[in-house]
Amino acid sequence: MAALTCSITISPERVGENDEIKKRAARKLGISPSHITFVRLAKRSVDARKAPPVFVLQLEVWVDEPYQPQPDPEFPLQNVTNSPEVHIVGMGPAGLFAALQLIASGYKPILIERGKAVRERRRDLANITREGIVNPDSNYCFGEGGAGTFSDGKLYTRSTKRGDTRQVLETLVAFGATAEILIETHPHIGTNKLPAIIQNMREKIIECGGEVWFNSRLTGWEIAGGKITAIQLNESEKISVKSLVVATGHSARDIFQLFPRSGLAIEAKPFALGVRVEHPQEIIDRIQYSCPTERPVNLPAASYALVQQVEGRGVYSFCMCPGGIICPAATTSTEVVVNGWSPSKRNSPYANSGIVVEVGPEEYRQFGSDALSGMWFQASVEEKAFVAGGGKQVAPAQRLTDFVAGKISQSLPGCSYLPGITPVSLYDVLPASVAGRLRGGFEAFGRKMKGYMTEEAIVVGVESRTSSPVKIPRSAETLMHPGAAGLFPCGEGAGYAGGIMSAAIDGMKCADAAVRFLKGAK
């Protein structure tokens with residue numbers, strides 16, 4: 001007989017009491033607790049819609065039979081040293097999961113990464129914070145693990161139709177992530193723990209016979225007879241290829257420019273632009289948990305999700321980081337870009353979130369009508385933020401109340417953004433249509449969350465790397481670019497993913513497509 005399933009609610013104070021959980025499960029199933037032999041937690045979430053907040057536990061319950069644990073999933077990794085090769089450009093989640101999938105299929109991945117390994121990459125991140133110097137090939141966006149490595153490691157996606165999210169989570173656990181990510185409704189690993197997991201993946205890929213090339217930037221390729229035949233690295237080295245997975249992330253502007261230069265189609269794609277707002281975490285806790293002082297024991301740092309239509313466009317929260325830190329995510333030294341992340345314990349005294357507005361051709365028409373016009377518009381706003389901040393990655397900022405009132409702040413509260421902030425009118429940085437809609441969005445959010453609109457909150461600019469400003473076309477059937485057989489646009493940068501989970505799934509799909517292509521080419 002299979003395990004029975006049920007859902008119970010329990011107070012934060014009692015969530016760790018196994019006997020109480022067993023009693024409630026028995027009551028829900030209409031049986032005596034003595035008949036329950038084992039209870040397994042399948043999912044856990046917090047319901048704070050009414051005070052006091054409670055945990056919602058989805059349980060699997062064994063009744064009158066012994067519990068038989070499921071064996072840990074096996075990953076069919078093998079030695080592929082002498083197997084057919086597939087080249088992968090980009091070592092973020094799409095590239096890493098593509099590599100693991102190739103090994104499982106008996107093919108040899110060659111990972112090509114413009115940046116450095118995670119350990120060396122940390123030094124470049126420290127340089128951004130301390131000196132305001134950005135290495136264009138090694139920063140918060142580029143390097144082993146991609147943009148997600150040092151930006152929190154959030155592991156949820158709104159799109160459950162993309163593929164097997166469970167497989168991605170189990171793979172991460174196999175490489176060192178805590179098993180908690182299998183039960184949390186909104187799992188995350190934490191920037192302090194994710195680098196070690198990424199390193200474990202790389203070591204396994206190499207152990208199986210795959211190759212990893214760091215400090216290798218894709219600078220060109222050759223298309224002959226409608227097929228990808230070679231790539232150029234670092235402006236000099238030429239490598240013959242039969243298949244190429246392009247998983248370079250949402251900030252690889254030089255790669256986007258390669259497509260039209262090569263006569264390959266690329267499309268402009270709407271994205272979102274705005275700011276990052278930061279509150280003291282205790283304010284968000286009080287609002288979300290309806291607690292007059294500190295949050296109840298065992299409850300995690302509270303988060304929020306907000307959306308409002310303003311003048312026909314969506315204004316919404318993005319990448320909300322409870323107990324988090326605002327970080328500098330620029331890819332050159334002449335722009336300012338902000339993002340957010342949380343450590344695994346989410347124990348920073350601040351809560352931050354992107355608040356962004358949908359943008360499209362209306363905003364970037366002045367940059368032309370070609371496929372890269374949105375990208376150049378994005379870059380122009382980031383450069384304005386750099387000038388407004390005064391250099392060295394100092395970010396322009398306003399108190400939230402002052403932003404809504406349209407005035408420059410006379411002083412600024414404490415902020416987690418370590419390169420520093422300076423009082424500036426963000427209306428001089430953001431396009432008028434974006435700033436105006438942000439103001440309307442914040443006013444609405446203040447009505448929805450009493451206490452959200454406070455002078456203790458700060459608005460920091462600019463949040464501009466929400467997603468790729470382009471889409472690289474590919475066949476829905478073969479996943480190849482229509483102008484280059486063997487070239488597989490992949491992941492977030494190509495416009496087919498929106499975070500770690502969906503990028504990993506797309507990487508596996510592209511790996512499978514590359515295998516089908518190579519088998520058919522024999």
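Structure: above.
As the structure is a prediction and not an experimental result, all values here were calculated from the model.

K.L.:
Would you take a moment to explain the overall build of the protein chain for this structure?
P.N.:
The number of helices and strands found in the protein chain is twelve helices and 22 strands. Since a compact globule built from 522 residues should have a radius of gyration of about 24 Å, the 24 Å found for the protein chain is in line with a globular shape. Along the first, second and third principal axes, the C-alpha set of the protein chain runs to 70 × 65 × 40 Å. Within the protein chain, the fraction of its 522 residues that count as buried is 56%. Pairs at least 24 residues apart make up 71% of the contacts formed inside the protein chain by residues separated by at least 6 positions. Charge centroids of the protein chain, computed over 57 positive and 52 negative side chains, lie 2 Å from each other.

K.L.:
Any chance you could explain the sheet that holds strand β18 (residues 395–399) here in plain terms?
P.N.:
Through backbone hydrogen bonds, the strands of a sheet pair up, either in parallel or in antiparallel fashion. Taken in spatial order, the seven strands make up an open sheet running β13-β14-β17-β12-β20-β18-β19, and their pairing is mixed. Every interior strand has two partners, whereas the edge strands, β13 (307–310) and β19 (421–423), have only one. Neighbour-to-neighbour, the strand axes of this sheet turn through a mean angle of 30 degrees, independent of strand direction. Two elements, β13 and strand β14 (residues 313–321), share four bridges in a ladder whose sense is antiparallel. Across the sheet, the residue bridging to Gln308 is Val315, located in β14. Docked against the sheet, helix α9 (residues 373–389) engages β12 (271–280), β17 (350–359), β18, β19 and β20 (458–463), running at close to 35 degrees with respect to β12.

K.L.:
What's the story with the packing of aromatic side chains in this structure? I'm lost.
P.N.:
Two descriptors summarise a pair of aromatic rings, namely the distance from one centre to the other and the angle between the planes of the rings. Summed over all chains, the structure comprises 14 aromatic pairs. Geometrically, the ring pair formed by Trp62 and Tyr67 is edge-to-face, given 4.6 Å between the ring centres and 75 degrees between the ring planes. We classify Trp62 as buried; its relative accessible area is 11%. Members of the aromatic cluster, joined through ring pairs, are Tyr304, Phe403, Tyr427, Phe442, Phe445 and Tyr452. Lying over the aromatic face of Phe142, Arg114 brings its terminal NZ or CZ to 4.3 Å of the ring centre. In this structure, Arg474 packs its charged tip against the face of Tyr496, placed 3.7 Å from the ring centre.

K.L.:
Please clarify how the pattern of salt bridges should be interpreted in this entry.
P.N.:
Any two side chains of opposite charge can pair, so long as their charged atoms come close to each other. The full count for this structure, using the stated rule, is 27 salt bridges. Lys238 is the partner of Glu222 in a salt bridge, and the nearest nitrogen-oxygen pair spans 3.1 Å. Placement of Glu222 in strand β7 (residues 218–224) and of Lys238 in strand β9 (residues 237–240) is noted, with a sequence separation of 16 residues between them. The class of Lys238 is exposed, set by a relative accessible area of 54%. Here Arg465 and Glu382 are joined by a salt bridge, their closest N and O atoms 2.7 Å apart. Placement of Arg465 in the loop between β20 and β21 (470–471) and of Glu382 in helix α9 is noted, with a sequence separation of 83 residues between them. Judged by its relative accessible area of 7%, Arg465 falls in the buried class. A relative accessible area of 0% places Glu382 in the buried class. Residues joined by salt bridges that share partners form a network here, namely Arg14, Glu17, Glu20 and Arg24.

K.L.:
How do you make sense of the pairing of β7 when you look at a structure like this?
P.N.:
Each regular strand carries side chains that alternate between the two faces of the sheet. Sheet analysis places β7 next to strand β8 (residues 227–233), joined by six bridges and oriented antiparallel. Residue pairing across strands places Gly220 opposite Gln232, the latter belonging to β8. Between β7 and β8, which pair antiparallel one after the other, the connecting turn spans two residues, and Gly225 there sits at a positive phi close to 60 degrees.

K.L.:
It is not clear to me how the sheet that holds strand β4 (residues 85–89) should be interpreted in this structure. Could you clarify?
P.N.:
The strand order β6-β5-β4-β10-β22 describes an open sheet built from five strands, whose pairing is parallel. On the outer flanks of this sheet lie β6 (211–213) and β22 (487–489), each paired with one strand and no other. This sheet shows a mean twist of 20 degrees between the axes of neighbouring strands, independent of strand direction. The sheet contact formed by β4 and strand β10 (residues 244–246) spans three bridges and is parallel. When the bridges of β10 are listed, Val89 appears paired with Val246. Helix-sheet contacts for helix α2 (residues 93–104) involve β4 and β5 (108–112), and the interaxial angle to β5 is about 165 degrees.

K.L.:
In this structure, what is going on with the environment of Glu237? I would like to understand it.
P.N.:
Among the structural elements, Glu237 can be located in strand β9. Each C-alpha atom, one on Glu237 and one on Thr37, is 63 Å from the other, the two residues being 200 residues apart in sequence. Setting aside anything within four residues of it in sequence, one finds Glu237 in contact with Ile231 and Gln232.

K.L.:
How do you make sense of α2 when you look at a structure like this?
P.N.:
Think of an α-helix as turning once every 3.6 residues; residues three or four places apart then point the same way. Taking 1.5 Å per residue as the helical rise, α2 with its twelve residues ought to reach 16 Å, and the 16 Å between its terminal C-alpha atoms agrees with that figure. Counting buried positions along α2 yields eleven of twelve residues, so the element is predominantly enclosed. All buried positions along α2 are accounted for by Pro93, Ala94, Gly95, Leu96, Phe97, Ala98, Ala99, Leu100, Gln101, Leu102 and Ile103.

K.L.:
What is the right way to look at the nonpolar core in this model?
P.N.:
Proteins that are soluble and globular tend to have nonpolar side chains buried together. One finds Leu430, Leu438, Phe442 and Tyr452 to be the most contacted residues of the largest nonpolar core, which totals 64 residues. Setting aside residues no more than four positions away along its own chain, Tyr452 makes contact with Val277, His279, Ile287, Tyr304, Leu306, Ile355, Leu400, Phe442, Phe445, Gly446 and Ala457. Counting 51 residues, the second largest nonpolar core, distinct from the first, contains Leu102, Val118, Ala247 and Leu518.

K.L.:
Can you walk me through the packing of α2 against helix α5 (residues 194–207) in this structure?
P.N.:
The geometry of a pair of packed helices is captured by two quantities: the angle between their axes and the separation between those axes. As a packed pair, α2 and α5 sit with axes 11 Å apart at the nearest point and diverge in direction by 35 degrees. As α2 runs across α5, the sense of the crossing is left-handed. Contacts between α2 and α5 pair Leu96, Phe97, Ala99, Leu100 and Ile103 from the former with Ile198, Met201 and Ile205 from the latter.

K.L.:
Mind showing me how you'd approach the side chain of Glu144 here?
P.N.:
Its location among the elements puts Glu144 in the loop between α3 (118–131) and α4 (165–174). In this structure Glu144 touches Met91, Glu113, Lys116, Ala117, Val118, Arg121, Thr149, Ile198, Gln199, Arg202 and Phe214, once residues within four positions along its chain are discounted.

K.L.:
So what exactly am I meant to see when it comes to the state of the cysteines here?
P.N.:
When the sulfur atoms of two cysteines share a covalent bond, that bond is a disulfide. Scanning all chains against the criterion turns up zero disulfides. We note that Cys141 lacks a disulfide partner, and the nearest cysteine sulfur, in Cys327, lies 8.5 Å from it. The exposure class assigned to Cys141 is buried, which follows from its relative accessible area of 9%. The thiol of Cys510 is unpaired, and the distance to the nearest cysteine sulfur, on Cys490, comes to 3.6 Å.

What counts and what doesn't
- Going along each chain's sequence as written, the residues are numbered from 1 onward.
- With the structure being a predicted model, the display of local features is reserved for residues of pLDDT at least 70 and the display and counting of side-chain atom pairs for 80 or more, all residues being used for whole-chain, interface and lining totals.
- To obtain the side-chain values, all non-hydrogen atoms of the structure were used and water was disregarded.
- Strands are runs of DSSP state E lasting at least 2 residues, helices are runs of H or I lasting at least 4, and numbering of each runs from the N terminus.
- Our radius of gyration is a C-alpha quantity, and the globule rule it is checked against amounts to 2.2 Å times the number of residues to the power 0.38.
- Exposure classes here rest on a 1.4 Å probe applied to the protein chains alone. A residue is buried below 20% of its type maximum, exposed above 50%, and partly exposed in between.
- By definition in these notes, contact holds between two residues if any of their heavy atoms fall within 4.5 Å.
- Working convention for charge: Lys and Arg count positive, Asp and Glu count negative, and His plus the chain ends are omitted.
- One atom stands in for each charge, and that atom is NZ of Lys, CZ of Arg, CG of Asp or CD of Glu.
- By definition, two strands form a pair when at least two bridges between them are found by DSSP.
- An axis is simply a line fitted to the C-alpha atoms; with a helix, the fit covers only the stretch in contact. Between two such axes, the angle follows the N-to-C directions and lies from 0 to 180 degrees.
- Under the pairing criterion, centres of Phe, Tyr and Trp rings, with the six-membered ring standing for Trp, must be within 6.5 Å; the plane angle then separates stacked pairs below 30 degrees from edge-to-face pairs above 60, leaving the rest tilted.
- Counting as a charge over the ring demands two things of the Lys NZ or Arg CZ atom: a distance within 6 Å of the ring centre and an angle within 35 degrees of the ring normal.
- Every case where a carboxyl oxygen of Asp or Glu lies within 4 Å of a side-chain nitrogen of Lys or Arg is listed as a salt bridge.
- To estimate how far a helix should extend, the number of its residues minus one is multiplied by 1.5 Å.
- Each nonpolar core is a collection of buried residues, namely Ala, Val, Leu, Ile, Met, Phe, Trp, Tyr and Cys, held together in the definition by side-chain atoms within 4.5 Å.
- Handedness of each helix crossing follows the sense of rotation of the near helix against the far helix: counterclockwise by less than a right angle gives left-handed, clockwise gives right-handed.
- Cysteine sulfur atoms are paired as a disulfide whenever they fall within 2.5 Å.

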